[in-house]
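Fold and contact review
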Amino acid sequence: MANKVFNVQIFFVVFRESLEAVIIVSVLLAFLKQGLGGPTQDREVYKKLVKQVWFGAIGGFILCLILGCAFIGAFYSLKNDVWGKSEDIWEGVFCIIATVMISIMGIAMLRVNKMQEKWRIKLAQAILKDKPENGSRIGHWAKKYAMFILPFITVLREGLEAIVFVGGVGLTSPASSFPLPVFVGLLCGIAVGFILYYSGSTTSLQVFLVISTCILYLIAAGLFSRGVWFFENNAFNKKTGGDASENGSGPGSYDISKSVWHVNCCNPQIDNGWDIFNAILGWQNSATYGSVISYNVYWIAVIVVLFLMLYEEQHGHLPFTKNFRLRNLNPSYYLKGKKKEELNEHQKEVLFDEIKNKKFGSTVSENSVVPERQSLTENRAD
Amino acid sequence: MHSTLICLIWLFCTMCTAKVHTFHWEIAWKLDNPDGMKERQVIAINNKTPLPTIRVKTNDRVIIHATNKLGNQNTSIHFHGLFQNGSNSMDGPEFVTQCPIAPGSTYIYDFKVPNQEGTYWYHSHSGPQYGDGLRGMFIIEPENVDAYPFKFDDKITLSLTDWYHKEAKEIKKTFMSRFNPTGAEPIPQNALFNYTRNATWHVAPNTKYFIQIANMGMFVSQYLFIENHNFTIVEVDGVYVKPQMTDSIYIAVGQRYGVLIETGDFHENFRFLNVIDKPMLDTKPAELQYISTNWIVYDDKKPLPPALENNEGSFDSFLQNIDPFDDFNLKPLTKSPLMEAADYTINLDFKMENLGDGVTYALFNNFSYVAPKVPTLMTLLSSGKLASNDKIYGTNTNTFVLQHNEVIDIILNNMDPGKHPFHLHGHTFQVIERSPPSSDDNPITYDPNNHAEFPLNPVIRDTVMVNANGYVVLRFCANNPGVWFFHCHVDWHLEQGLAIVLVEAPFEVQKSQSLSSAQLHVCKQSRVPTSGNAAGRYGKSEKDWLNLEGENIQPQPLPPGFTLKGYIAFFLCAAFACWGLLSIYKYGIEDVAADDGEEMIMKLESLLEENGGLGPEDTRPLTGEDSNA
């Protein structure tokens, strides 16, 4: 089945999440630069704050790693107990879960700029959200190290999200296939993030992202088809009262009435090398109507969704509608009241202006924060 | 002159003493519970179970009016082991020598039993029907008790069978389905000893008993063993043999043994075991009683020894303690030396394979037996001069045409890991060689240039076991004109097509045998044509007879790889994947384009500023963000 050493899905998940973490750091640094990086401003404070951001990010990252290892470790030992039989029906379910997860996050990778934009708004709002805490020691401390806490918490949150995703897509693989793709994924994500920060979004980077997303979706399509195949295999095994696929690849190991093609070799479950072919392209030596149709259905779904997203970007709304956007289809849009949180262009401008004016470091350069703050507000009140 | 007179007198006497036994049998369903574990519908004759034992003397005539009152199935009766010399249409197998007897129909079996003595049996030959209970013993006794070549004080019959709780038709459906891809034979629920279990046989001490044993089962062979007693084999499949002592008997389905037991001067009771041959089963359920205990009772007042347990290792330890005599080494009593070299040899290579419907079939030389549209005997009788052309009997019936009085060899190479009991209708044969068993990756096939010496006085019987991945060579003389079936007697394998048909001396059959109007009427009632080739075609010219369009054939083989369907599916998948990748590319590249757009505007703005394209009135910046600049 899946590769024993390198799980491709895990690689892509970690890649994407680390990319996002790097973007967070880069956005924060960009804000700092805008606010304090100019030649006329306080170099000392700027350096201190930059250090805070880095420490926060790395701190959050390390904590993530520890938690991640612990979680995956516990998850796997539990999995072996509970699902020790590794039945086909579980395999099928895990494949489908992995497909859904990968499909959702794959799109985001193609819109790195969107990702950047989203983080600029989020972080800006977070920074400006300071409530005046009168006399509270923790509040004081929090404000002093706001540039540490913010990246720390954000990276931690993103990292935990990544762990859950990794758990989800890695369900079908042995534990030995985890470390290598995690490591390589981190490396790639950080590398791409740096390139992004220093060179801005370029065409070559975008092409790279497109290619990696293509591979990701090929894998996801293969996974979806494999999930359906496992379900059909499970049904056949139940009816024959045993594991027919254990009889090898020959006649009688599959249900002839559901077969679209069958060759007696190249079985991804048994033969070496063909499991990689299966992991990347969903190859089965014994394809069923279910596995073939689901493969095509998946691609059709991807094509349709991408078309709709592209249309919305270009025209501002979905085809044949007015002002109806994909976001409107998300139920949490209405539940969480996200409608109110949407900023139009003007509001975004105001937000970014405020950031520029914000005096970073006013909390760092003085011992007591409160008077400074009060004076500012007093000034305003006057 | 003198001898002719004696002959005539003898013949006259025989005919005088030869009796006619007439039976009227109504074959119908009845509720019964022979193993005491499940009540089910079984087949009864005249509402009685177990079915009656027919007891006749040699040269007698038997007339059976068999009426099918089953209501939902066809039926037929085959008399296993009887030569049916001159009465081929009374042999019984559907679509070989007769039409099926439809519900409500009556078939009259009318035949004589000259030149035969011993233990035989009768059973249904309509699919797996005899497993539902249409089976019984058929004993042919000599003229008088002194004519036996051995002495005994009393005789009894013993029938052994396997027993299923479900009806045979139902079992066949799950057996022959693509969800049974290994072709695993259905496992019986029990073994029966004279149609019951835990039987007791009361014996007198110091008495010689002649026991006539038949295995009337569907599938498993059985071992017989009596504690503290030996058997002396005196008859095998109706052929008397030189008495051979043995401690146990191994009897396969279809086979019969006549044995003598001498009871001793005992005052206690002993176990009489019948044991299922466990290795024949593909799965070995723990709750199945492989060892069934019955008792030979000397003294009613003494207790019976407890029944033997059926634990994990019980069967293996039972096997270790017995040494059944190999029937290959039995010697016929009357002098019947090895027949000289064969005039015609039939080579049969047998293997099991999944065909295109996913079901496992049994193939002889890559052909599974599929019943023709017209029973083979009727094709023979209606085809005139073409009766010796084997093509008219069908391409999927494994038919061989034999010439009258030729010596025939059948070489059967068993390339299957199971052992099989093969039975020939209408004949006994000499078993001239049998190889030991072998493994799947190294099956032993017969090599005419390199084989053991044929025995000078080979054993003669009509049902013989071939070993796993081994072979057996049989020899007989084609002196019985008729259409004879040769098949594995594991009935499940017969359903899978493990059979051939021998059309023996067709022109002699046409000269001396014909069908009665009653028999033709049965065909009309079961809507089976009575003339034509295997496809039901006939005509004036040979071409008509050789036209087999529409004949019944076996399913196509499994597709060996990619078919058109597969190529199309593969192409579609690749096409959709490419389209999908293209749309990902298009969507992804858009991000760059958008950026470029903004960049372009900024570039344009700076260019205009530099070159004074923006007049003093146009100091409004084009983008909102630089309002503080």
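These figures come from a predicted structure and were not determined experimentally.

**Looking at the overall build of chain A**
Summing up its helical and strand segments, chain A has 14 helices and 2 strands in all. Within chain A, the fraction of its 382 residues that count as buried is 47%.

**Overview of the overall build of chain B**
Across its full length, chain B carries 9 helices and 30 strands. By the compact-globule yardstick of 25 Å for 629 residues, chain B is too spread out, its C-alpha radius of gyration being 35 Å. Each principal axis of the C-alpha distribution contributes one length, and for chain B these read about 155 × 75 × 55 Å. Here the analysis covers contacts within chain B between residues at least 6 apart in sequence; of these, 78% occur between residues at least 24 apart.

**Here's the deal with the packing of aromatic side chains**
Residue and element names in this part refer to chain B. According to the stated counting rule, one finds 47 aromatic pairs over all chains in the structure shown. Measuring from centroid to centroid gives 6.0 Å for Phe 23 and Trp 25, while their planes differ by 45°, and the two rings are tilted. By relative accessible area, Phe 23 is classed as partly exposed at 22%. Taken together, the ring pairs in this structure connect Phe 23, Trp 25, Phe 79, Tyr 107, Tyr 109, Phe 111, Tyr 122 and Phe 138 into an aromatic cluster. Directly above the ring of Trp 163 sits Arg 40, whose terminal nitrogen or CZ lies 4.9 Å from the centroid.

**Overview of the interface of chain A and chain B**
Between chain A and chain B, the contact holds 46 residues from the first and 38 residues from the second. Taken over both partners, the interface formed by chain A and chain B buries close to 3,700 Å², and the fraction arising from carbon and sulfur atoms is 69%. Of all residues in chain A, the largest losses of buried area upon contact with chain B belong to Ile256(A), Trp261(A) and Ile303(A), amounting jointly to 15% of the total for that side. On inspection of chain A and its partner chain B, the count reaches 1 salt bridge.

**Quick look at the UniProt feature "transmembrane region" (unreviewed entry) in chain A**
Residues and elements named next belong to chain A. Here, UniProt's "transmembrane region" (unreviewed entry) annotation points to residues 6-32, 53-77, 89-112, 145-166, 178-198, 205-224 and 292-311. Secondary structure across residues 53-77 comprises 100% helix and 0% strand; the distance between its end C-alpha atoms is 36 Å. From the first C-alpha to the last, residues 145-166 spans 31 Å; its make-up is 95% helix and 0% strand.

**Looking at helix H9 (residues 274-281) of chain A**
Residues and elements named next belong to chain A. Listing the buried residues of H9 in full gives Asp 275, Asn 278 and Ala 279. Each buried residue of H9 sits inside an arc of 100° when the element is viewed along its axis, so together they form one side. Phi turns positive, to about 75°, at Gly 282, one or two residues after H9.

**Overview of the nonpolar core**
Ranked by size, the top nonpolar core spans 90 residues in total, and within it Phe219(B), Leu224(B), Ile346(B), Leu348(B) and Phe486(B) carry the most contacts. Top contributing element to this core by residue count: strand S18 (residues 270-276) of chain B, with 5 residues. Residues within four places of Leu224(B) in sequence aside, it is in contact with Leu158(B), Leu160(B), Phe193(B), Ile213(B), Phe231(B), Asp247(B), Ser248(B), Ile249(B), Phe272(B), Leu273(B) and Asn274(B). Tyr76(A), Met147(A), Tyr298(A) and Ile584(B) belong to the second-largest nonpolar core, a separate cluster that totals 81 residues.

**Remarks on the sheet that holds strand S19 (residues 291-297) of chain B**
Residues and elements named next belong to chain B. Read from one edge to the other, the open sheet built from 5 strands follows the order S11-S19-S18-S13-S16, with strand pairing classed as mixed. Because the sheet does not close on itself, it has two edges, and the strands there are strand S11 (200-202) and strand S16 (248-251). Direction aside, the axes of adjacent strands within the sheet are offset by 20° on average. Where strand S13 (residues 222-226) and S18 come together, 5 bridges link them in antiparallel fashion. By the bridge assignment for S18, Gln 222 is matched with Ile 276.

**Re the UniProt feature "transmembrane region" (unreviewed entry) in chain B**
The sites that UniProt annotates as "transmembrane region" (unreviewed entry) are residues 566-585 of chain B. Helix makes up 100% of residues 566-585 of chain B and strand 0%, and the two end C-alpha atoms of the span are 29 Å apart.

**As for the side chain of Asn457(B)**
Within the secondary structure layout, Asn457(B) lies in the loop between strand S25 (429-434) and strand S26 (460-461). When near neighbours in sequence (up to four residues on either side) are disregarded, Asn457(B) contacts Lys242(B), Leu330(B), Lys331(B), Pro332(B), Ser336(B) and Pro337(B).

**What to know about the state of the cysteines**
Any covalent bond linking the sulfur atoms of two cysteines counts as a disulfide. What the rule picks out here adds up to 2 disulfides over all chains. Covalent S-S linkage joins Cys265(A) and Cys266(A), the inter-sulfur distance amounting to 2.2 Å. Disulfide Cys265(A)-Cys266(A): torsion about the S-S bond near -60°, hence left-handed. Two residues share a disulfide in this structure: Cys99(B) and Cys523(B), whose sulfurs sit 2.0 Å from each other.

**Quick look at the sheet that holds strand S3 (residues 54-57) of chain B**
All names here are of chain B. In space, the 4 strands of this open sheet follow the order S3-S8-S7-S5, with mixed pairing throughout. Two strands lie at the open edges of the sheet, namely S3 and strand S5 (78-80), each paired on one side alone. Neighbour to neighbour, the strand axes of the sheet diverge by 25° on average, direction disregarded. Judged from the 4 bridges that link them, S3 and strand S8 (residues 135-141) form a sheet pairing that is parallel. Residue pairing across strands places Arg 55 opposite Ile 139, the latter belonging to S8.

**A closer look at the environment of Val100(A)**
Among the structural elements, Val100(A) can be located in helix H3 (residues 88-110). For the pair Val100(A) and Gly242(A), spaced 142 residues apart in sequence, the C-alpha separation works out to 30 Å.

**Side note on the pattern of salt bridges**
Any two side chains of opposite charge can pair, on the condition that their charged atoms come close. Residues and elements named next belong to chain B. Scanning the entire structure with this criterion turns up 20 salt bridges over all chains. Across the salt bridge formed by Lys 57 and Glu 141, the nearest N and O atoms sit 3.9 Å from each other. Taken together, the residues Lys 57 in strand S3 and Glu 141 in strand S8 connect sequence positions 84 residues apart. Glu 141 gets classed as buried once you look at its relative accessible area, which sits at 11%. Asp 327 is the salt-bridge partner of Arg 434, the closest N and O atoms lying 2.6 Å from each other. Highlighted residues: Arg 434 in strand S25 and Asp 327 in the loop between helix H3 (314-320) and strand S20 (344-354), separated in sequence by 107 residues. In this pair, the class of Arg 434 matches that of Asp 327, namely buried. Via salt bridges that share partners, Asp 237, Arg 256, Asp 326, Asp 327, Arg 434, Arg 461 and Asp 462 belong to a single interconnected network.

**Let's talk about a positive patch on the surface**
Residues and elements named next belong to chain A. Together, Lys 33, Arg 43, Lys 47, Lys 48 and Lys 51 make up a positively charged patch on the protein surface. For the positive patch, the element with the most residues is helix H2 (residues 43-82), which contributes 4 residues. Mapped onto the elements, Lys 47 comes out in helix H2.

**Quick notes on a nonpolar patch on the surface**
Residues and elements named next belong to chain A. Residues Trp 54, Ile 58, Ile 62, Leu 65, Ile 66, Ile 190, Phe 194 and Tyr 198 make up a contiguous nonpolar surface patch of roughly 770 Å² in combined accessible area. Of all the elements in the fold, those that place two or more residues in the nonpolar patch are H2 and helix H7 (179-199). Among the elements that line the nonpolar patch, the one with the most residues is H2, at 5 residues. Classification of Tyr 198 by relative accessible area gives exposed; the value is 63%.

**Topic: the confidence of the model for chain B**
Residues and elements named next belong to chain B. The predicted model of chain B has a mean per-residue pLDDT of 92, with 94% of residues at 70 or higher. Long-range and interchain partners of residues 624-629, a stretch whose pLDDT sits below 50, account for 4 contacts in this model, where long-range means more than four residues apart. Here the prediction assigns the complex a pTM of 0.82, and the interface score ipTM is 0.75.

**Examining the side chain of His78(B)**
Residue and element names in this part refer to chain B. Secondary-structure assignment places His 78 in strand S5. Separated by 2.7 Å, the side chain of His 78 and the backbone oxygen of Asp 91 make a polar contact. In this structure the side chain of His 78 is engaged in a polar contact, spanning 3.5 Å, whose partner is the side chain of His 425. Not counting chain neighbours up to four residues away, the residues in contact with His 78 comprise Asp 91, Gly 92, Pro 93, Trp 121, Tyr 122, His 123, His 125, His 423 and His 425.

**Some points on helix H7 (residues 517-525) of chain B**
Working note: α-helix, 3.6 residues per turn, so residues spaced by three or four point in the same direction. Residues and elements named next belong to chain B. If you check which residues of H7 are buried, you get Gln 519, Val 522 and Cys 523. One side of H7 holds all its buried residues, which, seen down the axis, span an arc of 100°. In H7, the exposed positions angled more than 90 degrees off the buried face are occupied by Ser 517 and Lys 524. Looking at the buried side of H7, the elements it contacts are strand S6 (106-112) and helix H4 (376-382).

About the thresholds
Residues numbered from 1 in each chain as written. Chains lettered and ligands numbered in written order. Predicted model: local features only at pLDDT ≥ 70, side-chain atom pairs only at ≥ 80, totals over all residues. Heavy atoms only, no water. Helix = DSSP H or I, 4+ residues; strand = E, 2+ residues; numbered from the N terminus. Buried < 20%, exposed > 50% of the residue type's maximum accessible area, 1.4 Å probe, protein only. Rg over C-alpha atoms; globule rule 2.2 N^0.38 Å. Contact = heavy atoms within 4.5 Å. Phe/Tyr/Trp six-rings, centres within 6.5 Å; stacked < 30°, edge-to-face > 60°. Lys NZ or Arg CZ within 6 Å of the ring centre and 35° of its normal. Buried area = accessible area lost by both parts, 1.4 Å probe. Salt bridge = Lys/Arg side-chain N within 4 Å of Asp/Glu carboxyl O. UniProt positions renumbered as here; feature names shortened; annotations may be inferred. Arc of directions from axis to C-beta. Core = buried A, V, L, I, M, F, W, Y, C linked by side-chain atoms within 4.5 Å. Pairing = 2+ DSSP bridges. Axes fitted to C-alpha atoms, helices over the stretch in contact; angles between N-to-C directions. Disulfide = S-S within 2.5 Å. Patch = residues over 30% accessible without salt bridge, like charges linked within 9 Å, V, L, I, M, F, W, Y side chains within 5 Å. Areas by Shrake-Rupley, 256 points an atom, 1.4 Å probe, with all protein chains shown as cover. Lys, Arg positive; Asp, Glu negative; His and termini not counted. Charge placed at Lys NZ, Arg CZ, Asp CG, Glu CD. pLDDT = per-residue confidence, 0-100. Polar contact = N/O pair within 3.5 Å; in protein donor to acceptor, adjacent residues only side chain to side chain.

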